[in-house]
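A look at the structure
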Amino acid sequence: MATVNASAISFLILCLSSLSITEAKGGFSLDLIRRDAPKSPFYSPDETYHQRVTKALKRSVNRVSHFDPAIITPNTAQADIISALGEYVMNISIGTPPVEILAIADTGSDLIWTQCKPCTECYKQAAPFFDPEQSSTYKDLSCDSRQCTAYERTSCSTEETCEYSATYGDRSFSNGNLAVETVTLGSTNGRPVALRNIIFGCGHNDDGTFNENATGIVGLGGGSVSLVTQMGSSIGGKFSYCLVPFLSSESSSKINFGSNGVVSGTGVVTTPLVAKDPDTFYFLTLESISVGKKKIHFDDASEGNIIIDSGTTLTFLPPDIVSKLTSAVSDLIKADPISDPEGVLDLCYPYSSDFKAPQITVHFSGADVVLSPENTFIRTSDTSVCFTFKGMEGQSIYGNLAQANFLVGYDTKAKTVSFKPTDCSK
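Residues numbered from 1 in each chain as written. Predicted model: local features only at pLDDT ≥ 70, side-chain atom pairs only at ≥ 80, totals over all residues. Heavy atoms only, no water.

**Let's talk about the overall build of the chain**
Of regular secondary structure, the chain possesses five helices and 29 strands. Classification of the 426 residues of the chain by burial places 58% in the buried group. Carbon and sulfur atoms make up 50% of the accessible area of the chain, which totals about 16400 Å². (Helix = DSSP H or I, 4+ residues; strand = E, 2+ residues; numbered from the N terminus. Buried < 20%, exposed > 50% of the residue type's maximum accessible area, 1.4 Å probe, protein only. Areas by Shrake-Rupley, 256 points an atom, 1.4 Å probe, with all protein chains shown as cover.)

Here it is, written out as structure tokens:
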């Protein structure tokens, strides 16, 4: 589950007419809203800026265990995505007639699920639970069905229906019936798109760090049951997003599917997507990072040594690499470092209007991504600004702060990820 995303996305009210997915081959474009922006249902006016940033950064650290293989087993349409608990939330509809749900959009997981009636053990939810008995297109999957075997973590109930179990790195979980249903996305031309026979989980036993405004998860990973994969040829394996910076006055940006998700034009750089286990995650190859004119080479030169994730706020690298990075950064900043009051980040400075961060370039295989100060430093309070790269053992992760104001495009057929510097507020 995506647990820290500083960006979130403004969401539309979906029209509820029905279209076939084949009518949507032009692509899908969804609004994205920063989680802590006033437009987000997760916005708390009582929280200070400092409290919101601190919570986001701590969630980012907790999310890292989600990527531990020992823990994880593996017309144009428009809908909204809103960041929740460091994740994006997508406003979609499920069933016939369509019922709106607000679900976390997670590039770090695959299964789509929502809380359903009857809910025996469920976290508190503001909206009503989805009632499968009221939908004419709901169908439980049998244990021997092809769709049941497509998701690894399934078992057979006493009624011989397929049951799923989804767990996340922060110990959140969902258990219930694996089913097929119609998922409806909003549309840029006012005519929404109905995706029929989508595999999804009808959760009857769910708990964890979920906010009561979120009603489930939409998995956007690379696995067989993710929304991206199930859209199939209609989007050609392509999607992209553009995340507004954390401090942007504009809270909305877009996530795009199909032809809308193609990233092209001046300034685009492209790096290979590396196929590794589990196929849920999007693996890239990080070769080195430059701070000014000093280049720091990544010790692990193997292919697919870092995951790109829109649901993690910070960028996590091995401690020795971050130690070299912070040393190089410190050499170019004319100020004395201070300790992070929250004890989360590795390098902080007193904030002032003339604070100047050095230029940092991330060298992926075949793609040099030149970062701006808003990618590499974040104000954690009125008096402090901190480096957004953190040292941690385990899987390296390229987080969403480093991706802000880039159009980031995934092509799962061509096996590439592209970056284009973009003003995501426009």
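**Concerning the pairing of strand β25 (residues 384–387)**
Examined bridge by bridge, strand β21 (residues 348–350) and β25 share three bridges and lie antiparallel to one another. Along β25, the bridge assignment pairs Pro350 with Ser384. Looking at chain direction, strand β24 (residues 377–379) and β25 are connected through three bridges and run antiparallel. Looking across to β25, one finds that Phe377 is bridged to Phe387. Count of turn residues in the β24/β25 antiparallel hairpin: four residues. (Pairing = 2+ DSSP bridges.)

**A word on the pattern of salt bridges**
Summed over all chains, the structure comprises five salt bridges. A salt bridge links Arg379 to Asp382, with the nearest nitrogen and oxygen atoms 3.6 Å apart. Classification of Asp382 by relative accessible area gives exposed; the value is 60%. (Salt bridge = Lys/Arg side-chain N within 4 Å of Asp/Glu carboxyl O.)

**With respect to unusual backbone geometry**
Of the consecutive residues Thr96 and Pro97, the connecting peptide bond is found in the cis state with omega at 0°. The amide bond that connects Lys117 to the next residue, Pro118, takes the cis arrangement and shows omega of -10°. Within the element layout of this structure, Pro118 appears in the loop between β6 (113–115) and β7 (139–140). At Asn405, a position not held by glycine, the phi torsion is positive, near 60°.

**Quick look at the environment of Gln134**
Inspection of the secondary structure assignment puts Gln134 in the loop between β6 and β7. Residues Gln134 and Gly95, spaced 39 residues apart in sequence, show a C-alpha to C-alpha distance of 8.3 Å.

**Overview of the sheet that holds strand β18 (residues 294–297)**
One open sheet holds the four strands; their spatial order is β18-β17-β22-β23, and the pairing between them is antiparallel. Every other strand in the sheet has two partners, leaving β18 and β23 (367–371) as the edge strands with one partner each. Each neighbouring strand pair of the sheet contributes to a mean axis angle of 20°, computed without reference to strand direction. In terms of strand pairing, strand β17 (residues 286–291) meets strand β22 (residues 360–364) through five bridges, oriented antiparallel. Counterpart to Leu286 in the pairing with β22 is Phe364. (Axes fitted to C-alpha atoms, helices over the stretch in contact; angles between N-to-C directions.)

**Some remarks on the sheet that holds β24**
Read from one edge of the open sheet, three strands run β21-β25-β24, paired in antiparallel fashion. The open sheet is flanked by β21 and β24, the only strands paired with a single partner. With strand direction ignored, the average angle separating the axes of adjacent strands in the sheet is 25°.

**Comments concerning the state of the cysteines**
Considering all chains together, one arrives at six disulfides under this definition. Covalent S-S linkage joins Cys119 and Cys122, the inter-sulfur distance amounting to 1.5 Å. Disulfide Cys119-Cys122: torsion about the S-S bond near -65°, hence left-handed. Relative accessible area serves as the criterion here: at 25%, Cys122 is assigned to the partly exposed category. (Disulfide = S-S within 2.5 Å.)

**Here we look at the nonpolar core**
Leu220, Ile308, Leu317, Leu325, Phe364, Tyr398 and Phe419 are the most contacted members of the largest nonpolar core, which has 66 residues in total. Beyond its immediate stretch of four places on either side in the chain, Phe419 contacts Gly267, Val268, Val269, Thr271, Leu284, Ile308, Phe364, Val369, Tyr398, Phe406, Leu407 and Val408. Val89, Trp113, Tyr164 and Ala166 belong to the second largest nonpolar core, which has 20 residues in total. (Core = buried A, V, L, I, M, F, W, Y, C linked by side-chain atoms within 4.5 Å. Contact = heavy atoms within 4.5 Å.)

**Digging into the side chain of Thr161**
If you trace the backbone, Thr161 turns up in the loop between β8 (154–156) and β9 (162–167). On the basis of relative accessible area, Thr161 is assigned to the buried category, the value being 17%. A polar side-chain atom of Thr161 sits 2.7 Å from a polar atom in the side chain of Ser157. Aside from chain neighbours lying at most four places away, what touches Thr161 is Asp140, Leu141, Ser142, Cys143, Ser155, Cys156 and Asn177. (Polar contact = N/O pair within 3.5 Å; in protein donor to acceptor, adjacent residues only side chain to side chain.)

**Thoughts on a negative patch on the surface**
A contiguous patch of negative charge, built from Asp299, Asp300, Asp320 and Glu393, is present on the exposed surface. On the basis of relative accessible area, Asp320 is assigned to the partly exposed category, the value being 36%. (Patch = residues over 30% accessible without salt bridge, like charges linked within 9 Å, V, L, I, M, F, W, Y side chains within 5 Å. Lys, Arg positive; Asp, Glu negative; His and termini not counted. Charge placed at Lys NZ, Arg CZ, Asp CG, Glu CD.)

**Focus on the packing of aromatic side chains**
Under the defined criterion, the tally for this structure stands at 19 aromatic pairs. With a centroid separation of 5.2 Å and an interplanar angle of 65°, the aromatic rings of Phe355 and Phe377 are classed as edge-to-face. Within this pair, whereas Phe355 is found in the loop between β21 and β22, its partner Phe377 is found in strand β24, the two being separated by 22 residues in sequence. Residue class for Phe355 comes out partly exposed when judged on its relative accessible area of 21%. Relative to Phe389, the ring of Phe387 has its centre 5.2 Å away and its plane inclined at 15°; by these criteria the two rings are stacked. Just as Phe387 is buried, Phe389 falls in that class too. Grouping aromatic residues by their ring pairs yields a cluster made of Phe239, Tyr241, Phe257, Tyr282 and Tyr410. For the cation-ring pair, Arg379 lies above Tyr351, with the distance from its terminal atom to the ring centre recorded as 4.0 Å. (Phe/Tyr/Trp six-rings, centres within 6.5 Å; stacked < 30°, edge-to-face > 60°. Lys NZ or Arg CZ within 6 Å of the ring centre and 35° of its normal.)

**Focus: helix α4 (residues 319–332)**
The terminal C-alpha atoms of α4 lie 20 Å apart, and with 14 residues this matches the ideal 20 Å at 1.5 Å per residue to within 8%. Taken as a whole, α4 has its buried residues at Ile321, Val322, Leu325, Thr326, Ala328 and Val329. Each buried residue of α4 sits inside an arc of 165° when the element is viewed along its axis, so together they form one side. (Expected span 1.5 Å × (residues − 1). Arc of directions from axis to C-beta.)

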